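# Survey of secondary and tertiary structure
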Amino acid sequence: MIVRIAHRGAKLEAPENTMSAFTAAFNQGATNIECDVRLTSDNVPIIMHDATLERTTNGNGPVDQCTYQTIQSLDAGSWFHEDFKGTSIPQLSELLRWQKQSDIALHLEIKPMSPEVLNAGLDVILKQVYALANTEKIFLLSFQYAVLERLQELNSPLPRVLSVFHCQQQDIENAAAVNCRQINSSYNHVCRKSIQDIQDRGFQAGVFTIDHGAQIQELTQYNVDAVFIDDMRLLNENTLSLGR
Ligand code: G3P
Ligand code: MG
């Protein structure tokens, strides 16, 4: 059965990466949610996709140059719809507490960090995960190899997942070197062979981001293990249950 992961929560119904989007996904039956983790300038992990504030908040500038006090004062809902005016940017800690009580599987995508802050950033993220989450249902994803490398150095027992757009042989070698469980690649660059190459090396294969049932049908034929979906109607797409 293909695992269906709500990408940034129910992002078509509520502002992405907010508690409103996560609870909307949960209420519709999602058992897996993906979100993006970034650090503020004072090393507070927050949930936000973009490196800058403009698209999804009323702030501006790079997230990693803002203190948490500034982040806390921003409106992360009005850009989406006036009904969500005043929605806040969640702290990772808030999301982890909710994950534990809702028992949902959380795929934490750790967004790229500069080398200067990477070790301290991962320390604070891991501390919060161990203290607050149900760690049986936490996955750590990254496009940044250095993040996965550091997690391995720290002997983190949490499953590691490499995300790439177009999976090449070197990505498979990299994922093996840091003992990943899964490799995610973009729907725009997958084919039967690329999925098989990933699985033949013992990794699970995830694909982001799926918008239509027809794409799911195709991926079912490739025996893909997990898909990231934006539209919660795809949670119940019948074809998804036909995977291996
Ligand atoms: O793991 C990959 C998935 O999260 C897609 O990437 O850019 O939406 O964070 P993005
Ligand atoms: Mg992401």
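Shown above is the structure to which this text applies.
To keep things clear, this report deals only with the structure shown in the data block. Everything numeric in this text was worked out from a predicted model, so none of it was measured.

Right, let's talk about the state of the cysteines for a bit. Two cysteines joined by a covalent bond between their sulfur atoms form a disulfide. With the rule as written, the count across this model stands at 0 disulfides. No disulfide involves Cys35; its nearest neighbouring cysteine sulfur is the one of Cys180, lying 18 Å away. The closest cysteine sulfur to the non-disulfide-bonded Cys167 is located on Cys191, 10 Å from its own sulfur.

On to the pattern of salt bridges, then. Summed over the entire model, instances satisfying the criterion amount to 12 salt bridges. Between Lys111 and Glu109 there is a salt bridge, with its nearest N and O atoms 2.8 Å apart. Residue Lys111 is classed as buried on the basis of its relative accessible area, which comes to 8%. Judged by relative accessible area, Glu109 falls into the buried class, the value being 6%. One salt bridge in this structure joins Glu173 and Arg201, with 2.9 Å as the shortest N-O distance. Residue Glu173 is found in helix H6 (residues 169-177), and its partner Arg201 is found in the loop between helix H7 (192-200) and strand S8 (204-210); the two are separated by 28 residues along the sequence. Owing to a relative accessible area of 32%, Glu173 belongs among the partly exposed residues under this scheme. With relative accessibility at 39%, the residue Arg201 sits in the partly exposed group. Three or more residues joined by partner-sharing salt bridges are found here, namely Arg8, Glu16, Asp36, Asp50, Arg55, Glu109 and Lys111.

Grouped together as the largest cluster of nonpolar side chains are 60 residues, with contacts concentrated most on Leu96, Leu108, Ile138, Ile210 and Leu219. If you tally residues by element for this core, the top one is helix H4 (residues 115-132), at 6 residues. Every residue in contact with Ile210, bar those within four places of it in the chain, is listed here: Tyr187, Gln215, Ile216, Leu219, Val227, Phe228, Ile229, Asp230 and Leu234.

The next thing to look at is the coordination of the magnesium ion (ligand 2). Taken together, the protein ligands of the magnesium ion (ligand 2) are Glu34 (OE), Asp36 (OD) and Glu109 (OE), with distances of 1.9 to 2.2 Å. Summarised as a motif, the one-chain spacing of the donors to the magnesium ion (ligand 2) is E-x1-D-x72-E. Taken as a pair, Glu34 in strand S2 (residues 32-39) and Glu109 in strand S4 (residues 105-110) lie far apart in primary sequence, 75 residues in all. The two residues Glu34 and Glu109 agree in class, both being buried.

Rules used throughout
- Residues numbered from 1 in each chain as written.
- Chains lettered and ligands numbered in written order.
- Predicted model: local features only at pLDDT ≥ 70, side-chain atom pairs only at ≥ 80, totals over all residues.
- Heavy atoms only, no water.
- Disulfide = S-S within 2.5 Å.
- Salt bridge = Lys/Arg side-chain N within 4 Å of Asp/Glu carboxyl O.
- Buried < 20%, exposed > 50% of the residue type's maximum accessible area, 1.4 Å probe, protein only.
- Helix = DSSP H or I, 4+ residues; strand = E, 2+ residues; numbered from the N terminus.
- Core = buried A, V, L, I, M, F, W, Y, C linked by side-chain atoms within 4.5 Å.
- Contact = heavy atoms within 4.5 Å.
- Donors = N, O, S within 2.8 Å, 3.2 Å for Na, K, Ca; no water.

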